[in-house]
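Secondary and tertiary structure notes
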Amino acid sequence: MNPAPHPRPAPGLPGRRGLLGGLLTGAALAAVPALAAPARAPVGPCATRPLLLGTYTSEGGGGRGIGTAAYDTGTGAITPGPVITGVENPSYLARHPSGATVYAVAEQGAGAVTAVAIGPDGTYEVLGSRPTGGSGPTHLSVHPSGRWLLSANYTSGSVAVHPIAEDGSLGERTDLVTHSSPPPGPGQGGPHAHQVITSPDGGHVLAVDLGTDTVYTYRLDASAGTLTEVSRAALAPGSGPRHLAFHPGGRFAYLACELDNTMVVCAYDPATGTLTPGSGQSTGTGSGVSYPAQPVVTGDGAHVYLANRGHNSLTRYAVEGDGAVLRLLDTVPVGGDWPRQLALSPDSSLLFAANQRSSTVTVFGVGSDGSLTGAGAPFPAPVAVCVLPFP
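These notes cover the structure that comes with them. Note that the coordinates shown come from a computational prediction; the quantities given were computed from them, not determined experimentally.

Description of the overall build of the protein
- Of regular secondary structure, the protein possesses zero helices and 30 strands.
- Of the accessible surface of the protein, which amounts to about 13,700 Å², a share of 55% is contributed by carbon and sulfur atoms.

A few points about the packing of aromatic side chains
- Tallied over the entire structure, the rule returns four aromatic pairs.
- Between Phe246 and Tyr268, the ring centres sit 5.3 Å apart and the planes meet at 80°, which makes this aromatic pair edge-to-face. With Phe246 in strand S17 (residues 241–246) and Tyr268 in strand S19 (residues 262–269), the pair connects residues that are 22 residues apart, well separated along the chain.
- With a relative accessible area of 13%, Phe246 lands in the buried category.
- Relative to Trp338, the ring of Tyr291 lies with its centre 5.6 Å away and its plane at 50°, an arrangement referred to as tilted. Highlighted residues: Tyr291 in the loop between strand S20 (274–282) and strand S21 (292–297) and Trp338 in the loop between strand S24 (325–333) and strand S25 (339–344), separated in sequence by 47 residues.

Observations regarding the sheet that holds S24
- With antiparallel pairing, the four strands of this open sheet are ordered in space as S21-S22-S23-S24. Each having just a single partner strand, S21 and S24 make up the two edges of the open sheet. Here the average twist between neighbouring strands, direction ignored, is 25°.
- In the sheet, strand S23 (residues 313–320) pairs with S24 via eight bridges, with the strands oriented antiparallel. Opposite Ser313, over in S24, you have Pro333 as the bridge partner.

Description of the sheet that holds strand S13 (residues 193–198)
- Taken in spatial order, the four strands line up as S13-S14-S15-S16 in an open sheet, and their pairing is antiparallel. Since the sheet does not close on itself, it has two edges, and those belong to S13 and strand S16 (227–234), each with one partner. Shown here is a sheet whose adjacent strand axes are inclined to one another by a mean of 20°, direction ignored.

The rules behind the values
Residues numbered from 1 in each chain as written. Predicted model: local features only at pLDDT ≥ 70, side-chain atom pairs only at ≥ 80, totals over all residues. Heavy atoms only, no water. Helix = DSSP H or I, 4+ residues; strand = E, 2+ residues; numbered from the N terminus. Areas by Shrake-Rupley, 256 points an atom, 1.4 Å probe, with all protein chains shown as cover. Phe/Tyr/Trp six-rings, centres within 6.5 Å; stacked < 30°, edge-to-face > 60°. Buried < 20%, exposed > 50% of the residue type's maximum accessible area, 1.4 Å probe, protein only. Pairing = 2+ DSSP bridges. Axes fitted to C-alpha atoms, helices over the stretch in contact; angles between N-to-C directions.

Written out as structure tokens, the structure is:
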């Protein structure tokens, strides 16, 4: 959520084709200082891999579509590429398990989701958009089966499901669930679905609602594409839960609460889909609200990082007790303004931060002890609100 939201234009139905200029086949990279002893070094020789960037196309001085770039898997250096145009307000991106299609929300009044096919030769094709049935979608994810796209409409507080065809395109919506209860938290105005993801075991879909201070658990009908609620997890009134990330063991999740500046460890029961929140923990940012945004967990489950927008920092936690405990280590300056979203490289050797207000992406090398080492100067990216590194 943006504390001061901007108006969004109506979604279009683009269908143009372009060229990613060799992005997917590698690019020459500018030399940057090597990272200091990244202990989670990538396997095999270093390579150049694609990186996609989400933005707002309707903001003054904003982006023109989905930004493309390439990152060096060893140094973290980023090289810019062309822009995938014809996509409105792609503020969050998700990749299909096949790697052949990327999906973007259209965060605007008439919410939509867009599919973009990306070929191995660097070409792309915008396959079209479908309405989400809600307003202000801010998050989406692909079900592990690759057959369903899940999206969260922030402004209207609802979750949508779209079928995914063999070519990666989207069909008409199969379900829309609005969070009508419990009542919104104090001063929160209404339901605000901020994230929707599938549990690691694939058995349940979880929707985090900032407005109702609730995480809803659903079972997805894999044939009909419909959601049936099976459980609710209540957070502290006024806490504003925003995003959660699962431990790789699948029994615990870490939930960032935007409004009370806390991180919550939640136990998860794969059999029932029940999420049980613990007490809110410090983000290490001091008193006041620092708008924590998103947690990420390293592939080995040893560390968790949290983006703090108001504090412009990254909180580092050590994970203990097989995922049940977070131990606060410290906070590290993010090197930008308003870190909206974080992403780890597939091998967890690099951490990327999309800094919305400074229009930059900062990169850190990740050590086995959880240390973060800056990887060169911030990369310019207009209104950077999402970064998606490819494996």
